[in-house]
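Descriptive analysis of the structure
Listed below, chain by chain, are the residues.
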Amino acid sequence: MGKNKDLTVGNPDTVLRNFCLPLFGSILFQQLYNLADSFVAGRVLGEEALAAVGNSYEITLIYLAVAFGCNIGCSVVVSRLFGAKQYREMKSAVYTTLIAVAVLCGTLMALGLGFSNDLMHLIHTPENIYQDSLQYLTIYTWSLPFVFFYNISTGIFSAMGDSKTPFLFLACSSVANIIGDYWFVTAFHTGVEGVAWATLICQGISCILSVIVMLRRFTTIETGQPPQIFSWRLLGRVAQVAVPSILQQSFVSVGNIIIQRIINDFGSGVIAGYTSAIKLNNLVVTSLSTIGNGVSNFTSQNIGAAKMERVRSGYRAGLRFVAMICLPLSVLYFTAGKYLVYFFLPKPTESALATGVLFLRIVSPFYMIIAGKLLADGVLRGAGKMNQFMVATFTDLLLRVVLAKVLSVPLESTGIWIAWPIGWTIATLISVAYYRKGEWCHLSETEQKTS
């Protein structure tokens, strides 16, 4: 297993790369959950099944947004306390978060199960994929405790500088999910419902193991006095970061649902093509977001240790790291989009194939631009500058939603895809401008040399 790591010492390039590589591997395996569902649905069950999974996926992103926001809130606070070596406070923050998340998760499950039918109607789900979409969403909602507590435990590991342990759990679970998806569908003939059940089971195993190891790891950290089991004060500190992150991620998910509703009006062929392309796109963007999370932990630990001069070095190291990801994938998606769509749909309709290829060609050249935003956001989050972070994110969201609606009238579905790079570019300019106003960019020459 991995071990806790101090991110406040050592060469920033080396420290950040060694810390982020397992995080990057983790997110690749995390995306395998979704890729496996779409792969099995599209290749074994057909185009309509793929469209059903993709249609439900946009709603499940709301749940993931809340879980991810809780992850960020806990991770930033814990990493700050870990960097300052305030271990008793750190343990109290973790226990407080676990209790609060249990209540939040139960509330979301009740709402999700009660209003899933209404959500399907709200986004104009086509009748031919309605039932499969509803089944997938319902089963996914039952898996929320696993989703939430896994995210919290991985956030805690990352806050303490350990990115290897969650990677190992997720790698094993993701491989099992691929096998489970195929087995449920082919052996038990369970259709889209089987894909969802396989995912729930594998998420559950990964969650339980990661929580057990996390709690055992905590018993090795000496605190002198016993920590508080619940603290309103620490919950407030976690919420100060988590709530803006949840709102940001949730609004992004709501925006994606609105965009999904616009897409649904063009039929299941366009939905299937978009589903295959957006899975590939999310693989890149989520990977970049994860590296941004690594930069958040790096920033937070160093600010906690009063080493402000290392923050800027961490951002630059992050840029060099993401360039190695963005450039080859941009070329691959732009030139080989057709063959990537075939990965999900061996016999796509003309509409599905054209949609997937065009989407990838429009958005892939802009991956390095969105990477700059996500890394700047990571610094802002780690420094607790949530207002600036939210302004840039909401700008991207509003532009994409409004432009998707406006441009879809004269340009049909093509207009929806064009909204992505426009929103990304403007939001990146805002995020980077906020980053450059930070105190880490205005140090004296003596302070900069120490970095």
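Residues numbered from 1 in each chain as written. Predicted model: local features only at pLDDT ≥ 70, side-chain atom pairs only at ≥ 80, totals over all residues. Heavy atoms only, no water.

**Some points on unusual backbone geometry**
- Positive phi, close to 55°, is recorded for Glu412, a residue that is not glycine.
- Secondary-structure assignment places Glu412 in the loop between helix H13 (386-411) and helix H14 (413-436). (Helix = DSSP H or I, 4+ residues; strand = E, 2+ residues; numbered from the N terminus.)

**Focus: the pattern of salt bridges**
- On inspection of all chains with the given rule, the structure shows four salt bridges.
- For the salt bridge of Asp13 with Arg320, the shortest nitrogen-to-oxygen distance reads 2.7 Å. Highlighted residues: Asp13 in helix H1 (residues 12-45) and Arg320 in helix H10 (residues 309-344), separated in sequence by 307 residues.
- Residue classification places Arg320 among the partly exposed residues on the basis of a relative accessible area of 47%.
- Notably, a salt bridge pairs Glu439 with Lys385, separated by 3.7 Å at the nearest N-O pair. (Salt bridge = Lys/Arg side-chain N within 4 Å of Asp/Glu carboxyl O. Buried < 20%, exposed > 50% of the residue type's maximum accessible area, 1.4 Å probe, protein only.)

**Thoughts on helix H5 (residues 144-159)**
- If you check H5, its first and last C-alpha atoms are 23 Å apart, about what 16 residues at 1.5 Å a residue would give, namely 22 Å.
- When you tally the buried positions in H5, you get 13 out of 16 residues, the bulk of the element.
- Of the residues trailing H5, Gly161 is marked for its positive phi of about 85°. (Expected span 1.5 Å × (residues − 1).)

**What to know about the side chain of Ser92**
- Examined against the element boundaries, Ser92 turns out to sit in helix H3 (residues 87-122).
- What makes Ser92 buried here is its relative accessible area of 0%.
- Those residues in contact with Ser92 that sit more than four places away from it in its chain are Pro227, Gln228 and Leu234. (Contact = heavy atoms within 4.5 Å.)

**Some remarks on the packing of aromatic side chains**
- Scanning the entire structure with this criterion turns up 12 aromatic pairs.
- Ring geometry for Tyr274 against Trp420: centres 6.3 Å apart, planes inclined by 55°, an arrangement best described as tilted. Pair noted here: Tyr274 is in helix H9 (residues 268-304) and Trp420 is in helix H14, with a separation of 146 residues, a long-range link. Each member of the pair Tyr274 and Trp420 is classed as buried.
- Taken together, Tyr274, Phe359, Trp417 and Trp420 form an aromatic cluster joined through their ring pairs. (Phe/Tyr/Trp six-rings, centres within 6.5 Å; stacked < 30°, edge-to-face > 60°.)

**Here we look at the nonpolar core**
- In this structure, Phe359, Trp417 and Trp420 are the most contacted members of the largest nonpolar core, which totals 71 residues.
- Of the residues forming this core, the biggest block, 14 residues, is contributed by H9.
- With residues up to four places along the chain from it excluded, the contact list for Phe359 reads Tyr274, Ala277, Ile278, Asn281, Trp417 and Trp420.
- Counting 42 residues, the second-largest nonpolar core is a separate cluster that includes Val77, Leu98, Leu134 and Val213. (Core = buried A, V, L, I, M, F, W, Y, C linked by side-chain atoms within 4.5 Å.)

**Side note on H13**
- Compared with the 38 Å implied by 1.5 Å per residue over 26 residues, the 36 Å span of H13 between its first and last C-alpha is a close match.
- Remark: the principal bend of H13, roughly 25°, maps to Ala404.
- Of the residues trailing H13, Glu412 is marked for its positive phi of about 55°. (Bend = angle between axes of the 7 residues up to and from the residue.)

**Some words on the confidence of the model for the protein chain**
- When the pLDDT values of the protein chain are averaged, the result is 82; 91% of them are 70 or greater.
- Helix H11 (residues 350-363) holds the highest mean pLDDT among the elements of the protein chain, 92, whereas helix H15 (residues 445-449) holds the lowest, 48.
- Note that residues 444-448 has pLDDT below 50 and, in this model, three contacts with residues that lie over four places away or in other chains. (pLDDT = per-residue confidence, 0-100.)

**Remarks on the packing of H9 against helix H12 (residues 367-382)**
- Look at H9 against H12: their axes get within 7 Å of each other, and the N-to-C directions meet at 30°. By the angle class used here, H9 and H12 are roughly parallel. For the element pair H9 and H12, the recorded crossing hand is right-handed.
- Partitioned by chemical class, the residues of the contact of H9 with H12 number 12 nonpolar, nine polar and one charged. (Axes fitted to C-alpha atoms, helices over the stretch in contact; angles between N-to-C directions. Parallel < 35°, antiparallel > 145°, perpendicular 65-115°, else oblique. Left-handed = near helix turned anticlockwise from the far one by under 90°. Nonpolar A, V, L, I, M, F, W, Y, C, P; charged D, E, K, R; others polar.)

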